[in-house]
Amino acid sequence: MAAVFLTLPSSPIFPPTARVHAGRRGVFVARASARAPMIAPMSEAMDAENGGRGQRNMPHVLTVAGSDSGAGAGVQADIKACGALGVYCSSVITAVTAQNTVGVQGVHPVPEEFVAEQLRSVLSDMEVDIVKTGMLPSVGVVKVLCDSLKEFPVRALVVDPVMVSTSGDMLSEPSNLAGYRNELFAMADIVTPNLKEASALLGGVSLRTVADMCSAAKSIHNLGPRYVLVKGGDLPDSSDAIDIFFDGEECHELYGSRIKTRNTHGTGCTLASCIAAELAKGSPMLHAVQTAKAFVESALNYSKDIVIGNGPQGPFDHLFRLKSQNDNVGLKPQFDANDLFLYAVTDSGMNNKWDRSITDAVKASIEGGATIIQLREKDAETRNFVEAAMACMEICRSHGVPLLINDRVDVALACDADGVHVGQSDMPARVVRKLLGPRKIIGVSCKTPAQAEQAWIDGADYIGCGGVFPTTTKENNLTIGLDGLKAVCLASKLPVVAIGGIGPGNAHSVMKIGAPNLKGVAAVSSLFDRACIVSEAQRLRSVLMDASSRARLSV
Ligand SMILES: Nc1ncnc2c1ncn2[C@@H]1O[C@H](COP(=O)(O)OP(=O)(O)OP(=O)(O)O)[C@@H](O)[C@H]1O
Ligand SMILES: Cc1ncc(CO)c(N)n1
Ligand SMILES: [Mg+2]
């Protein structure tokens, strides 16, 4: 193949304006200790920076990868995947491939110096949050990339160690293994090999079972990355699509439905780009991986019957969400932490005392301004509970208010609730996540920073922290006070809702503790042990509104 490269006149020398983005937008990616932890909240820094001019930074992923002329994989997949998730994607092209649904007909590497020039152009000018790598054809390119990342640090690095295409064609030099192992992996936040790549990285071990994948993930973790995802798209005889996520301590088995389709070309590139896109938006790593996996599954499902090309492996449609609103039904609604603002928790005892049905209690709290509802029915018969939960679900859906079920995963599944809230002695959040999948909301009650950390690791979406003040709704409940609440909030990588003895009289003192991830208060007695739920909710809401507008003014 003849290399025809455009030789540009030497480009202007950009001043090396090294920026450290750590903390700018509050990505909660746990990082290698050599780098700064990222715990600052997104909105305040940006608002202050914008000076109220309405400008905003768009989350930005830079892909460093090869071009696929068939546009199913490589840079083309990366740009489409990021676009579909609302993230800007710039692209440094490392190689141009002639490729289609049959296989790879040619590879034309871009000279290393020109890869370096592209990197400098993007990184010296644009505010890149996350770098994602795909095809890196030579050790020289790996080196160039590592040097650029040292000069222009970004918040996280996602490495998809592309080596061989599914059609069996080589996409990188075999000597690249050394480049990955020696330098790039140590800088990576996550590495995402498929089975063949994981095997190659470990000297050719055979990987045939989930247990093999776990031990491979651990061995690859020893090569330096913070997290490892071994993808099981090619796992023989598996009816599920199983990936293994290793966080340095524990292997998480991530299950998805295996879609029967020929259109799986580019799943790996797409998955890694979606992880990068979600990190750019501020998700913690496990969430980013789960959201990415759910996206791939939905895109494959939508595209399973499309026909592009005549070869054995076709591309799929990344932009499927634009095509049909109806196809969005199965997708994870983005959990909006602001929904925790006024969190109403129903109580069957109080409903009985005031002679109210659970649906009346839910309707009234929504009318008064509740932004999320949790049904906490400790004594209800299961059949009655499911029936009531279904009715409440209808009410909540029609008002766009999420409905969670306390403790009872079975009831949540039965009524297709938006999620579940669990306590420390209920089913572990990690197991709940397995049962409910990535698209539901999971909350965990936490009293300590260690519990908050565990909730994050387990894949929860928020934590409920308390009892802040003494309460009659929970016996023998240790009260942690405002200091305890603040300590947990500051340690928590997840948004927090405060709970325990909170009502209009003290909600202001709670909200002003000065923790940006404290998103609201949960109320039980102060709403439901009262004659008029609507007016109590309205009172609480106006106290919360007042507290949040004061907090904004003091920024
Ligand atoms: N048929 C399928 N149905 C559902 N999910 C799938 C299917 N095939 C692959 N996946 C998922 O897609 C993601 C990518 O996995 P895979 O093992 O295919 O990566 P890859 O081989 O690097 O991809 P590529 O084909 O781009 O080289 C994983 O999350 C995997 O579980
Ligand atoms: C350019 C390119 N990158 C990655 C892959 C892996 O899917 C591919 N087939 N082509
Ligand atoms: Mg594959």
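Residues numbered from 1 in each chain as written. Chains lettered and ligands numbered in written order. Predicted model: local features only at pLDDT ≥ 70, side-chain atom pairs only at ≥ 80, totals over all residues.

Chemist: What should I look at first to understand the overall build of the protein in this one?
Modeler: In terms of regular secondary structure, the protein is built from 20 helices and 17 strands. By the burial criterion, 49% of the 555 residues in the protein qualify as buried. For the protein, contacts bridging at least 24 residues in sequence account for 67% of all contacts bridging at least 6. (Helix = DSSP H or I, 4+ residues; strand = E, 2+ residues; numbered from the N terminus. Buried ≥ 20, exposed ≤ 12 C-beta atoms within 10 Å, placed from the backbone. Contact = placed C-beta atoms within 7 Å.)

Chemist: It is not clear to me how the site of ligand 1 should be interpreted in this structure. Could you clarify?
Modeler: Ligand 1 sits among 23 residues. The nearest are N194, K231, G233, A241 and G268. Elements with a contribution of two residues or more to the shell around ligand 1: β8 (240–246), α8 (267–281) and α9 (285–303). Counted by class, the shell around ligand 1 contains seven nonpolar, 10 polar and six charged residues. (Near = placed C-beta within 6 Å. Nonpolar A, V, L, I, M, F, W, Y, C, P; charged D, E, K, R; others polar.)

Chemist: Please clarify how α8 should be interpreted in this entry.
Modeler: For an α-helix, 3.6 residues make a turn, and residues three or four places apart therefore share a direction. Given a rise of 1.5 Å per residue, 15 residues ought to cover 21 Å, and the 21 Å separating the end C-alpha atoms of α8 matches this to within 8%. With 15 of 15 residues buried, α8 lies mostly within the body of the structure. Phi turns positive one or two residues past the end of α8, at G282, with a value near 115°. (Expected span 1.5 Å × (residues − 1).)

Chemist: Before we go on, may I ask you to explain the site of ligand 2 in this structure?
Modeler: Taken together, 15 residues lie around ligand 2, and G66, A73, G74, M135 and S165 are the ones closest in. When the residues that make up the shell around ligand 2 are grouped by side-chain class, the tally is six nonpolar, eight polar and one charged.

Chemist: What is the right way to look at the pairing of strand β1 (residues 60–68) in this model?
Modeler: Within a regular strand, side chains alternate between the sheet's two faces. Burial analysis of β1 places nine of its nine residues in the buried class, the great majority of the element. The pairing of β1 with strand β2 (residues 88–99) spans nine bridges and is parallel. Each residue of the ladder has a partner; that of A65, found in β2, is I93. Assessed by its sense of winding, the connection that carries the chain from β1 through helix α2 (residues 74–84) to β2 is right-handed. Looking at chain direction, β1 and strand β4 (residues 130–133) are connected through four bridges and run parallel. Looking at the pairing, T63 lines up with K132 of β4. (Pairing = 2+ DSSP bridges. Right-handed = clockwise from strand over helix to strand, strands pointing away.)

Chemist: Would you mind going over helix α13 (residues 382–399) with me for this structure?
Modeler: Taking 1.5 Å per residue, 18 residues should reach 26 Å; α13 reaches 25 Å between its end C-alpha atoms and fits that length. By the burial criterion, the buried members of α13 are F385, A388, A389, C392, M393 and C396. Looking down the long axis of α13, one finds its buried residues gathered within 155° of arc, a one-sided arrangement. Those residues of α13 that are exposed and angled more than 90 degrees off the buried face are R383 and S398. Against the buried residues of α13 lie α12 (358–368), β11 (372–375), β12 (403–406) and α14 (409–415). Looking one or two residues past α13, G400 carries a phi angle of roughly 70°, positive in sign. (Arc of directions from axis to C-beta.)

Chemist: Before we go on, may I ask you to explain unusual backbone geometry in this structure?
Modeler: Glycine aside, residues mostly have negative phi angles, and peptide bonds mostly take the trans form. The omega torsion of the bond from G466 to G467 falls at -5°, within 30 degrees of zero and hence cis. When you line up the elements, G467 lands in the loop between β15 (462–466) and α17 (481–491). Non-glycine residue A71 carries a positive phi angle of around 65°. You can see A71 is positioned in the loop between β1 and α2.

Chemist: I keep staring at the sheet that holds strand β16 (residues 496–499) and nothing clicks. Help me out?
Modeler: Within a sheet, adjacent strands bond to each other through the backbone by hydrogen bonds, running parallel or antiparallel. A barrel is described by the order of its strands in space; here eight strands give the closed sequence β10-β11-β12-β13-β14-β15-β16-β17, paired in parallel fashion. Strand-to-strand twist of the sheet, defined as the mean angle between neighbouring strand axes without regard to direction, takes the value 25°. Pairing of β11 with β12 involves three bridges; the strand directions are parallel. Opposite Q374, over in β12, you have L404 as the bridge partner. Sitting on the sheet, α13 is in contact with β11 and β12, with an inclination near 155° to β12. (Axes fitted to C-alpha atoms, helices over the stretch in contact; angles between N-to-C directions.)

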